[in-house]
Amino acid sequence: MNKLFVAYKPKGVSSNYFLRKIKRRYGVKKAGFSGTLDPFASGVLIIAFGQFTKLFRFLKKAPKRYRATLWIGASSPTLDMEKIQSVKTLVPFSKQSINIIAKSFLGDIEYLPPKYSAKRVDGQRAYKLARDDVDFELKKIKSRIYDFKILHYFHPFLTFELSISEGGYVRSIASLFAEKLGFDGILSSLERLNEGDFVYNNEKALNPLDYLEIEDNVYLGEKEDIELGRKLNKNNFEIKKSGIYKLVDEKYLSVIEINDDEVKYLLNKVKLC
């Protein structure tokens, strides 16, 4: 069964555990998800069954929107509610200061991802190294923040929404926010509201063609060439310039890449219905 849909992961379980529950409920063997959510977080998780698991890399999944609550004055190496080490009692901040800091995050920023994250370090997950007390360093990453809105401030808890590019870490952003106030800070809650146009709608089946970030092309040669996976000539395409394109007929989707004089399949004959 091929299916693409959005599920809602509850907090307190890993994305992998949640996927296993989904597979059992639907009775499928081949399934995957895109965009891991920490056990601490809840929200939108893109799920695919069957051949649709091959489409993740081509889907429009950004920007991503999150709602989160920052606990100002709390400290934890995980930057969330796990392993809290200390909590400081602070005087409330002015709303003007809070809003000024929120605006300062708009645009491109560079920062360190959390050490308790799924980033790979020499082939291993950073969170595993951190839990094993291995000393390591992560490289800074860049993200773009499109929107940062303060929803509610009831000291010491600050609830906000932000829209961020793919691969961003809200825990690190929240920690930087607290740092600009002069203190530590952790997330007490985190919810992913959407990934691009992917929103939760009772696990309704989605048409992948509506979510692919690939330009259409038309193959002008024999239809059997693609059906049989034959070598393709770029001169037989309506668009001949270098790039990645999707080819769609009544039942199947293929993705090809044109590069100089070479045409190669990235996907071939993914069944749409």
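Residues numbered from 1 in each chain as written. Predicted model: local features only at pLDDT ≥ 70, side-chain atom pairs only at ≥ 80, totals over all residues. Heavy atoms only, no water.

**Remarks on the overall build of the protein chain**
- Looking only at helices and strands, the protein chain has 5 helices and 16 strands in total.
- The principal-axis extent of the C-alpha atoms belonging to the protein chain is close to 75 × 40 × 40 Å.
- Across the 273 residues of the protein chain, 46% fall into the buried class.
- Pairs at least 24 residues apart make up 64% of the contacts formed inside the protein chain by residues separated by at least 6 positions.
- Accessible surface, the protein chain as shown: approximately 14900 Å² in total, 47% of it carbon and sulfur.
- Placing the 47 positive and 34 negative side-chain charges of the protein chain at their respective mean positions leaves the two points 5 Å apart. (Helix = DSSP H or I, 4+ residues; strand = E, 2+ residues; numbered from the N terminus. Buried < 20%, exposed > 50% of the residue type's maximum accessible area, 1.4 Å probe, protein only. Contact = heavy atoms within 4.5 Å. Areas by Shrake-Rupley, 256 points an atom, 1.4 Å probe, with all protein chains shown as cover. Lys, Arg positive; Asp, Glu negative; His and termini not counted. Charge placed at Lys NZ, Arg CZ, Asp CG, Glu CD.)

**Thoughts on the nonpolar core**
- Judged by nonpolar contacts, the single largest core of 43 residues is most densely connected at I47, F148, F160, L162, I173 and F177.
- In terms of residue count, the dominant contributor to this core is helix α4 (residues 170–181) (6 residues).
- If you look at the next biggest cluster of nonpolar residues, it comprises 19 residues, including F52, L206, L212 and I214. (Core = buried A, V, L, I, M, F, W, Y, C linked by side-chain atoms within 4.5 Å.)

**Considerations on the side chain of K3**
- Relative to the helices and strands, K3 resides in strand β1 (residues 3–9).
- With no salt bridge to any partner, buried K3 finds its closest opposite charge in E203, at an N-O distance of 5.6 Å.
- Within polar-contact distance, the side chain of K3 engages the backbone oxygen of E203 at 3.4 Å.
- Excluding its chain neighbours within four sequence positions, the residues that come into contact with K3 are Y26, I47, A48, F49, F52, E203 and A205. (Salt bridge = Lys/Arg side-chain N within 4 Å of Asp/Glu carboxyl O. Polar contact = N/O pair within 3.5 Å; in protein donor to acceptor, adjacent residues only side chain to side chain.)

**Quick look at a nonpolar patch on the surface**
- Nonpolar side chains collect at one region of the surface, where M81, I84 and V87 lie side by side and expose about 230 Å² of accessible area between them.
- Here I84 shows up in the loop between β5 (74–75) and β6 (86–87). (Patch = residues over 30% accessible without salt bridge, like charges linked within 9 Å, V, L, I, M, F, W, Y side chains within 5 Å.)

**Focus: the sheet that holds strand β14 (residues 243–248)**
- Strand order in the open sheet made by the 4 strands is β13-β14-β15-β16, with mixed pairing throughout. Edge positions in the sheet fall to β13 (215–216) and β16 (262–271), since each has one partner strand and no second. (Pairing = 2+ DSSP bridges.)

**Focus on helix α1 (residues 15–26)**
- The end-to-end C-alpha distance of α1, which contains 12 residues, comes to 16 Å, matching closely the 16 Å that a straight helix rising 1.5 Å per residue would cover.
- For α1, the complete set of buried residues consists of S15, F18, L19 and I22. Each buried residue of α1 lies within a common arc of 100° when the element is viewed along its axis, so the set occupies one face.
- For α1, the elements touching its buried residues are β1, β2 (31–34) and β3 (42–49). (Expected span 1.5 Å × (residues − 1). Arc of directions from axis to C-beta.)

**Regarding the environment of N202**
- Tracing the backbone through its elements, the reader meets N202 in the loop between β12 (185–195) and β13.
- Placed 197 residues apart in sequence, N202 and F5 show a C-alpha to C-alpha distance of 8.8 Å.

**Some details on helix α2 (residues 95–104)**
- Restricting attention to buried positions, one finds in α2 the residues I98, I101 and A102. Viewed end-on, α2 has its buried residues packed into an arc of 105°, placing them on one side of the element. Away from its buried face, by an angle of more than 90 degrees, α2 presents the exposed residues Q96, I100 and K103.

**A look at the packing of α2 against α4**
- For the pair α2 and α4, interaxial distance at closest approach is 10 Å and the crossing angle is 130°. Here α2 lies oblique to α4, going by the angle between them. At the point where α2 passes α4, the crossing takes the right-handed sense. Contacts from I98, I101, A102 and S104 in α2 reach F177, K180 and L181 in α4.
- Considered class by class, the residues forming the contact of α2 with α4 number 5 nonpolar, 1 polar and 1 charged. (Axes fitted to C-alpha atoms, helices over the stretch in contact; angles between N-to-C directions. Parallel < 35°, antiparallel > 145°, perpendicular 65-115°, else oblique. Left-handed = near helix turned anticlockwise from the far one by under 90°. Nonpolar A, V, L, I, M, F, W, Y, C, P; charged D, E, K, R; others polar.)

**A few points about a negative patch on the surface**
- A surface patch of like charges, here negative, comprises E222, E224, E227, D249 and E250.
- One can find E224 in helix α5 (residues 223–227).

**Brief notes about the pattern of salt bridges**
- Scanning all chains against the criterion turns up 17 salt bridges.
- We note a salt bridge from D38 to R171, for which the minimum N-O separation is 3.1 Å. Note that D38 is positioned in the loop between β2 and β3 and R171 in helix α4, a separation of 133 residues in sequence.
- With a relative accessible area of 4%, R171 lands in the buried category.
- Linked through salt bridges whose partners overlap, the residues forming this network are R65, R67, D147, E161 and E191.

**Section: the packing of aromatic side chains**
- One pass over the structure, following the stated rule, counts 12 aromatic pairs.
- Ring centres of W71 and F157 lie 5.4 Å apart, and the angle between their planes is 40°; on these two criteria the pair is classed as tilted. Linking W71 in strand β4 (residues 64–72) with F157 in strand β11 (residues 157–164), this pair joins segments that are 86 residues apart in sequence.
- Relative accessible area serves as the criterion here: at 31%, F157 is assigned to the partly exposed category.
- Cluster of aromatic residues (ring-pair linked, three or more members): F105, F148, F160 and F177.
- The ring of F136 carries K115 above its face, with NZ or CZ at 4.8 Å from the centroid. (Phe/Tyr/Trp six-rings, centres within 6.5 Å; stacked < 30°, edge-to-face > 60°. Lys NZ or Arg CZ within 6 Å of the ring centre and 35° of its normal.)

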